[in-house]
Amino acid sequence: MTNHSIRSNLLSRRGELLGPTYGLFYEEPLHMVRAQGVWMYDADGRAYLDAYNNVPVVGHCHPHVVATLATQAARLNTHTRYLADAPVELADRLLSTMPAEIGNMVFVCTGSEANDLAIRVSKFVTGGTGFIITERAYHGTSETTSGMSPSARVPLGRDVYAIAAPLGEDGPAQFAERGLARRHNFFERRRRLRSARLSRRGRARDPRRGRPVHRR
Ligand SMILES: Cc1ncc(COP(=O)(O)O)c(C=O)c1O
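Residues numbered from 1 in each chain as written. Predicted model: local features only at pLDDT ≥ 70, side-chain atom pairs only at ≥ 80, totals over all residues.

S.K.: What exactly am I supposed to notice about the overall build of the protein chain here?
M.R.: Of the regular secondary structure elements, the protein chain holds 6 helices and 5 strands. Reading the helices (α) and strands (β) of the protein chain from amino to carboxyl end gives α-β-β-β-α-α-α-β-α-β-α. A compact globule built from 216 residues should have a C-alpha radius of gyration of about 17 Å, whereas the protein chain, at 25 Å, is more than 25% larger. With respect to the three principal axes, the spread of C-alpha positions in the protein chain is 80 × 50 × 45 Å. Counted over contacts in the protein chain with a minimum sequence separation of 6, partners at least 24 positions apart contribute 36%. (Helix = DSSP H or I, 4+ residues; strand = E, 2+ residues; numbered from the N terminus. Rg over C-alpha atoms; globule rule 2.2 N^0.38 Å. Contact = placed C-beta atoms within 7 Å.)

Printed below as a string of structure tokens:
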């Protein structure tokens, strides 16, 4: 089999076996087989300088990370509801590098989970419920974060406002202004819909029009 036919075969099996929400980059998707440091390699052995991948922050397959993962997986791989040394040790080491206002740590496994937690924390701290996102954002796969991910073609969640991302001459001030305008328009539309609904109900109960109409 040529690499080309291996890739086509993988592509069609992927389409059959994985859920339809999994997207692919590029018209000719890249078939990656390994990575090292800043480089990723495809099935033809072609090297790609990785300026995009957001997960391996110290480079792909960093030997220290690989060894530590393998050691821990071989020793104990469980959740956080048992007493265990590793999460406490890691929290201690991470916190020693952070400003004093950050007093404790919460560990998560995925970006979706991290964003979900950040959303919960921000709602708790501000008492607000609204979020402004950019029109092509991707924030994850959970119920809340997918509602903030127009790029995943999922309907926006409640109180989520999408605005165009800052481009060209557009600076932070214009970006913030557009966010506020979007929020204002949203509340204005909601206020108008509510008052139209109330006035319809008012008319329905008008004694001159007979018995109140029960609306579902
Ligand atoms: C900007 C951004 N936010 C959130 C996520 C979701 O992360 P995860 O797939 O680990 O849940 C991703 C993943 O690609 C991402 O790129």
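S.K.: Is there a simple way to explain the site of the ligand in this structure?
M.R.: Near the ligand, the surroundings consist of Asn54, Thr110, Gly111, Ser112, Asn115, Tyr138, His139, Gly140 and Thr141. Looking at the shell around the ligand, its residues break down into 1 nonpolar, 8 polar and no charged. (Near = placed C-beta within 6 Å. Nonpolar A, V, L, I, M, F, W, Y, C, P; charged D, E, K, R; others polar.)

S.K.: Help me understand helix α2 (residues 63–75), please; the structure alone is not making it clear to me.
M.R.: In a regular helix each residue adds 1.5 Å, so 13 residues correspond to 18 Å; α2 covers 18 Å between its end C-alpha atoms and thus fits that length. Across the 13 residues of α2, 0 count as buried, placing the element largely on the outside. (Expected span 1.5 Å × (residues − 1). Buried ≥ 20, exposed ≤ 12 C-beta atoms within 10 Å, placed from the backbone.)

S.K.: Would you take a moment to explain the domain arrangement of the protein chain for this structure?
M.R.: By a widely used convention, the size of an interface equals the accessible area lost when the partners come together. Domains assigned within the protein chain are domain 1 (1–7 + 16–75) and domain 2 (130–204). For domain 1 versus domain 2, the distance between C-alpha centres works out to 35 Å. (Domains from an automatic or database assignment.)

S.K.: Please clarify how the pairing of strand β4 (residues 131–134) should be interpreted in this entry.
M.R.: In regular strands, side chains alternate between the two faces of the sheet. Side-chain alternation along β4 places Phe131 and Ile133 on a buried face and Ile132 and Thr134 on a face that remains uncovered. Summarising the sheet, β4 and strand β5 (residues 160–163) pair through 4 bridges and their orientation is parallel. Bridge assignment links Ile132 to a residue of β5, and that residue is Tyr161. (Pairing = 2+ DSSP bridges.)

S.K.: What is the right way to read the pairing of strand β1 (residues 32–36) from this model?
M.R.: Examined bridge by bridge, β1 and strand β2 (residues 39–42) share 4 bridges and lie antiparallel to one another. Of the residues in β2, the one forming a bridge with Met32 is Asp42. In this antiparallel pair of consecutive strands, β1 and β2, the connection spans 2 residues, and Gly37 shows a positive phi of 60 degrees.

S.K.: Would you mind going over helix α1 (residues 3–17) with me for this structure?
M.R.: Residues spaced three or four apart along an α-helix point in a common direction, a consequence of the helix completing one turn every 3.6 residues. The terminal C-alpha atoms of α1, which comprises 15 residues, lie 21 Å apart, in line with the 21 Å expected from a rise of 1.5 Å per residue. Along α1, only 0 of the 15 residues are buried, which leaves the element largely exposed.

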